[in-house]
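# Notes for the structure review
The chain contents come next:
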Amino acid sequence: MSKRWESYVMYHKKEQLIDFWSEYYKEKTAAKVLFLQGKGFDPRMNNILKLFLENNPEQQLDCIVFDFPEETNPEENQKLYESNMQELARLKAQYGFNYEELKIDSTLSWDKRIAQISRNVLAKNLNEYNDVILDVSSLPRAFYFNIGKALFHKLCNNPKKNLFFAVSENVKIDELIKKTPVNDNIEPLVGFRSMSSRESNLDRINILITLMGKQSLDILHGIYNHFQPSDMFPVLPFPSKDPRHSDDLLLSYHEFFTNKQFTEPQNITYADEQNPFELYRIVSNMIQGHQMTFKPISDHVCFGIALLTSKLLSLGALLIGLEYNHCVAIYNVSSTNYEIENATNIEQINQDSEPFLMWITGEAYNN
């Protein structure tokens, strides 16, 4: 079976992005770009926008920022938030792009917030834009999965409109942001809940694909108990910047896999820590292979994707959710709050963040 992103286009590191944009916009001076990003304390918030503006100063650009107001913001978080707002104000003053904020009603439940933001995106008229760039660097997964889905469905059938996903990747920052997960009501993400109710199919077979990372073991327990898989396939990040990363993860989760009797070596898969398209290909092969294997028994095979991994590899899971929305349930445990210990330290670490740009739909795939 063919895959939408069997061949793909991705740019990594500042030099690659700068070279691509220089060549790409050389003859597209009239092209108009829509840039979407989150607003918050994450120091990576403006990294991609700043890189784009510094290297394409004459390009027409509109910016939409999703604002998630917090009633209380810890002191160190507030320092980063104010620094980000000052940087954004400086960029607006220097480059003069159009700017719009979409505020999210924090009094609504998570599901209603996601529905609100999806409606706002779907209501946008994108006809005037050649390129749409969604930067997920400072957006929560639950939101950028649905924003990405809305943009994809608006643009995927128009070969002249280009959709890009971007992220400023830094695993160390992800690990330094302390999260308080909500474990008491674990369900798949809104918009990615195919066949997830227990009553949906009596003959349904559940396969859990866990994208491994340094998350709480309680989160995996909660996902497992809700999804109740008949088999489980861990996907470990390798190659990785830390050569021992996969080994450390296996040790961390070994007792869980042993207790659940999922210890077969052939069930373990590896995916490049810095290539979400490769993760997409690997998991696509898993899905298609299991569908063929179980075809004589059942047409109802549901694949649970557990997001325990980095923000970059989570984009690979988003591609899976877009292509296999009819048979995939994606699990991500939301957090009630985020805290950091030292704003200065995390700003310094941000200097090592790496930009990634994934070309999702448009001219690159017209042939």
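Definitions and limits used
- Residues numbered from 1 in each chain as written.
- Predicted model: local features only at pLDDT ≥ 70, side-chain atom pairs only at ≥ 80, totals over all residues.
- Heavy atoms only, no water.
- Helix = DSSP H or I, 4+ residues; strand = E, 2+ residues; numbered from the N terminus.
- Contact = heavy atoms within 4.5 Å.
- 1 Å grid on protein atoms, 1.4 Å probe; cavity = no way out; pocket = protein on both sides within 12 Å on 5 of 7 lines; lining within 4 Å.
- Points joined across faces, edges and corners; volume = space filled by probe spheres on them.
- Nonpolar A, V, L, I, M, F, W, Y, C, P; charged D, E, K, R; others polar.
- Axes fitted to C-alpha atoms, helices over the stretch in contact; angles between N-to-C directions.
- Parallel < 35°, antiparallel > 145°, perpendicular 65-115°, else oblique.
- Expected span 1.5 Å × (residues − 1).
- Polar contact = N/O pair within 3.5 Å; in protein donor to acceptor, adjacent residues only side chain to side chain.
- Buried < 20%, exposed > 50% of the residue type's maximum accessible area, 1.4 Å probe, protein only.
- Pairing = 2+ DSSP bridges.
- Right-handed = clockwise from strand over helix to strand, strands pointing away.
- Salt bridge = Lys/Arg side-chain N within 4 Å of Asp/Glu carboxyl O.

Another aspect to go through is the environment of Leu51. Assignment of secondary structure puts Leu51 in helix α2 (residues 47-55). Considered as a pair, Leu51 and Ile305 are 254 residues apart in the sequence and their alpha carbons are 32 Å apart. With sequence-adjacent residues up to four places away left out, Leu51 is seen in contact with Lys14, Leu17, Ile18, Trp21 and Pro355.

Roughly 500 Å³ of internal volume is contained in the second largest pocket. What lines the second largest pocket is a set of 20 residues, among which Pro43, Asn46, Asn47, Lys50 and Asn350 lie closest to the centre. Sorting the residues of the lining of the second largest pocket by element identifies α2, α3 (75-95), α11 (343-350) and β15 (354-361) as the ones contributing at least two each. With five residues, α2 is the largest single contributor of residues to the lining of the second largest pocket. For the lining of the second largest pocket, the class distribution of residues is five nonpolar, nine polar and six charged.

Following both chains from N to C, one finds α3 and α11 inclined at 45°, their axes separated by 9 Å at the closest point. Judged on the interaxial angle alone, α11 and α3 are oblique. Two secondary-structure elements touch here, α3 through Glu76, Lys79, Leu80 and Ser83 and α11 through Ala343, Ile346 and Glu347. Residue composition of the contact of α3 with α11, grouped by class: three nonpolar, one polar and three charged.

A word on helix α9 (residues 276-294). End to end, α9 covers 27 Å across 19 residues, agreeing with the expected 27 Å (1.5 Å per residue, within 8%). Sitting at the head of α9, Asn275 places a side-chain oxygen 3.1 Å from the backbone nitrogen of Phe277.

Within strand β5 (residues 131-135), five of the five residues are buried, which leaves it mostly tucked inside the rest of the structure. Residues of β5 alternate between two faces, with Asp131, Ile133 and Asp135 on one and Val132 and Leu134 on the opposite face, all of them buried. Pairing geometry for β5 and strand β6 (residues 162-169), over five bridges, is parallel. Pairing of Asp135 across the sheet is with Ala166, part of β6. Taken together, β5, helix α5 (residues 141-155) and β6 form a β-α-β motif whose crossover is right-handed.

A separate point is the sheet that holds strand β8 (residues 188-193). Read from one edge of the open sheet, six strands run β8-β13-β12-β9-β10-β11, paired in mixed fashion. Looking along the sheet, the strands with just one partner apiece sit at the ends: β8 and β11 (269-271). Across the sheet, the axes of successive neighbouring strands diverge by a mean angle of 25°, strand direction being ignored. Bridging between strand β10 (residues 231-237) and β11 involves three bridges; their strand directions are parallel. Paired with Val235 across the strands is Thr269, a residue of β11. Sheet contacts for helix α7 (residues 217-227): β8, β9 (205-211), β10, β12 (301-307) and β13 (328-331); angle to β9, the most-contacted strand, approximately 165°.

Below, the discussion takes up the pairing of β6. Counted residue by residue, β6 has eight buried out of eight residues, so it is predominantly covered. Residues Asn162, Phe164, Ala166 and Ser168 of β6 are buried on one face, and the alternating residues Leu163, Phe165, Val167 and Glu169, pointing to the opposite face, are buried as well. In the sheet, β6 pairs with β15 via seven bridges, with the strands oriented antiparallel. Along β15, the bridge assignment pairs Val167 with Phe356.

Okay, the pattern of salt bridges next. What the rule picks out here adds up to 23 salt bridges. The salt bridge partner of Glu175 is Lys214, with a shortest N-O separation of 3.8 Å. Of this pair, Glu175 sits in helix α6 (residues 171-176) while Lys214 is found in the loop between β9 and α7, placing the two residues 39 residues apart along the sequence. The structure contains a network of salt bridges with shared partners spanning Lys39, Asp67, Glu101 and Lys103.

Everything listed here is a matter of geometry and, on its own, says nothing about what the molecule does.
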